[in-house]
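# Coordinate analysis (summary)
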Amino acid sequence: MIRMARHSAKHASFRTRTAWVLCVGILLGYCATGLAASVSEIAMYRGKDREQKLIEGAKKEGQLMFYNSNTWLEVVAQEFEKKYPFIKVGVWRSEGRDVLKRVLEEYASGRYIADVVETSTGIEILHRRGFLQEHFSPEINAYGDDVKEKGKGGGVFFWANRELYLGLGFNTKAVPANDAPKNYAALLDPKWKGKMTMAGGSSGPRWIGHISNTMGREFVEKLSQQDVNVQNIVPAALANQVVSGEVPLSPTIFDSNMITAKQKGAPVEWRPLEPVLTNVGSSGMTTRSPHPHAALLFLDYLHSKEGQRVVMKGGLNSPRDDMDVEHKFKKNYLDNQYSLEEFEKKFAEWQDLMKRLFIRGGK
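Owing to the predicted nature of the structure, the values given are computational and were not obtained by experimental measurement. Here, residues in each chain are numbered from 1, in the same order as that chain's written sequence. Given that the model is predicted, a residue must reach a pLDDT of at least 70 before its local features are reported, and side-chain atom pairs must reach 80 or more before they are shown or counted; all residues, however, enter totals for whole chains, interfaces and linings. Side-chain measures were taken over the full set of non-hydrogen atoms in the model, leaving aside hydrogen atoms and water.

### Quick word on the pattern of salt bridges
Here is the rule we go by: Throughout this description, the term salt bridge denotes a Lys or Arg side-chain nitrogen within 4 Å of a carboxyl oxygen of Asp or Glu. We count a stretch as a helix when DSSP gives it H or I for four or more residues in a row; a strand needs E for two or more, and each element gets its number in order from the N terminus. Each residue is assigned to one of three classes by its accessible area relative to the maximum for its type, calculated with a 1.4 Å probe on protein chains only: buried under 20%, partly exposed between the two thresholds, exposed over 50%.
Under the criterion given, the structure shown has 20 salt bridges. A salt bridge links R128 to E341; its shortest N-O distance comes to 2.7 Å. Taken together, the residues R128 in helix 5 (residues 123–128) and E341 in helix 12 (residues 340–359) connect sequence positions 213 residues apart. Using a relative accessible area of 48% as the deciding quantity, one classes R128 as partly exposed. For E341, a relative accessible area of 45% puts it in the partly exposed group. Between R356 and D352 there is a salt bridge, and its shortest N-O distance comes to 2.9 Å.

Below is the structure:
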């Protein structure tokens, strides 16, 4: 069974945490005597016997620690354990920024616990700090350059393992499918005035930046005249209001929320407005991985077709180029268009624009 570790004391097991600390303590001497070089050699090995070597090494390691920011990835870890029953996966899940903070704090204190890190926020920071190991995988070529950070050795430092799409969610009792907007321009139709709601939090400003880049600033100003309501809640919570009919339609709804609700019988639909704003979760291997063989096997599995099918069962989407999907559409990887510093500056600008035009009625 997977051992679960949680961010807060309320959810964390003292016994589990202590066990991991003791494990790390045992490995510290090994780390200090050249584990980093050993990890690098293992990570970039490309011989024909690569899988065999990884399995042999993983059997000796017997475990790995996986930090991530999505609940469904626990299921992926469970399926991985079924395939490799000699590896026990420790899972620690929290919000993306908390995952980032935890790794930074551990490296600062010389405690190297995580083998694989997965987050939708700030993984670039770990790379820039030198905490992510360039690694090779036979699955790399199935992913486009816009969803992976390539290294000079032909490997990657981190690469996308899941996607979420922000598009139009609507209640079909309030908005018949044939009438619902089919593109961004249709959002300006007078019949939608006062009927649209936008998510706040981080999704709202990002969507404003997305349509500002895609449609232009003038379009954003015209949209603000549609009396769009802004609620300071995450898209998942807003999706519940679409399900209940309280909100007729919203252009800031994740496809997974609508798909799940529809499967349960809710009168809802989700429609991509192209290009679709795409949120990405990316994963990588740490430079001080205590269990490098198991870590590489896990990354291989997570990014394989087999692993990506498990990812998709949770309502998430795959960034692999060769997956069979019902609909394909043009995507916009907004975050990848800027450096971290540039994105933070842009985000502040988009947030201010949203407040001035939508929350304050343009005043």
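### So, unusual backbone geometry
Residue E274 is joined to P275 through a cis peptide bond whose omega torsion reads -5°. One can find P275 in the loop between strand 11 (268–271) and strand 12 (276–286). In the Ramachandran plot, D227 falls in the positive-phi region, its phi being about 55° despite a non-glycine side chain. The residue D227 is located in the loop between helix 7 (217–224) and strand 9 (229–231) in this model.

### Things to note about the environment of L316
What counts is decided by this rule: For this analysis, residues touch if any pair of their heavy atoms sits within 4.5 Å.
Mapped onto the fold, L316 is located in the loop between helix 11 (305–313) and strand 13 (331–332). Separated by 154 residues in the primary sequence, L316 and R162 have C-alpha atoms spaced 6.3 Å apart. If near-sequence neighbours (up to four positions away) are discounted, L316 is found in contact with N70, W72, R162, E163, L164 and V311.

### Description of the nonpolar core
For clarity, the threshold we go by: Only buried Ala, Val, Leu, Ile, Met, Phe, Trp, Tyr and Cys residues count toward a nonpolar core, and they belong to the same one when joined by side-chain atoms within 4.5 Å.
Core analysis: the biggest nonpolar cluster contains 60 residues, and F80, W207, I208, L223 and F358 have the highest contact counts within it. The element contributing the most residues to this core is helix 10 (residues 292–303), with eight residues. Contacts of F358, omitting those with residues within four sequence positions, involve M198, I208, V220, L223, S224, V228, V230 and L353. In this structure, M65, W92, Y112 and I123 belong to the second largest nonpolar core, which totals 19 residues.

### Overview of the packing of helix 7 against helix 12
Rule in force here: Note on geometry: axes are lines fitted to C-alpha atoms, helical ones only across the stretch in contact, with angles between N-to-C directions running from 0 to 180 degrees. Oblique is the label for every angle not falling under 35 degrees (roughly parallel), over 145 degrees (roughly antiparallel), or within 65 to 115 degrees (roughly perpendicular).
Two elements in contact, helix 7 and helix 12, have axes separated by 9 Å at closest approach and are oriented at 40°. As summarised for this structure, helix 7 and helix 12 are arranged oblique, according to the angle between their axes. Contacts from R217, V220, E221, L223 and S224 of helix 7 reach helix 12 at L353, R356, L357 and F358.

### Let's talk about the packing of helix 6 (residues 203–215) against helix 12
Interhelical geometry of helix 6 versus helix 12 gives an angle of 95° and a closest axis separation of 8 Å. One finds that helix 6 runs roughly perpendicular with respect to helix 12. Between helix 6, through G204, P205, R206, I208, G209 and N213, and helix 12, the contact on the second element is made entirely by F343, F347, W350, Q351, L353, M354 and F358.

### Overview of helix 8 (residues 235–244)
For clarity, the cut-off: This arc is built from the directions going out from the helix axis to the C-beta atoms.
For helix 8, every residue scored as buried is listed here: P235, L238, A239, Q241 and V242. Taken around the axis of helix 8, the buried residues stretch over an arc of 155°, which confines them to a single face. Residues of helix 8 that are exposed and angled more than 90 degrees away from the buried face: N240 and S244. Just past helix 8, the residue G245 takes up positive phi, approximately 95°.

Without other data, these values stay purely geometric and don't point to any function.
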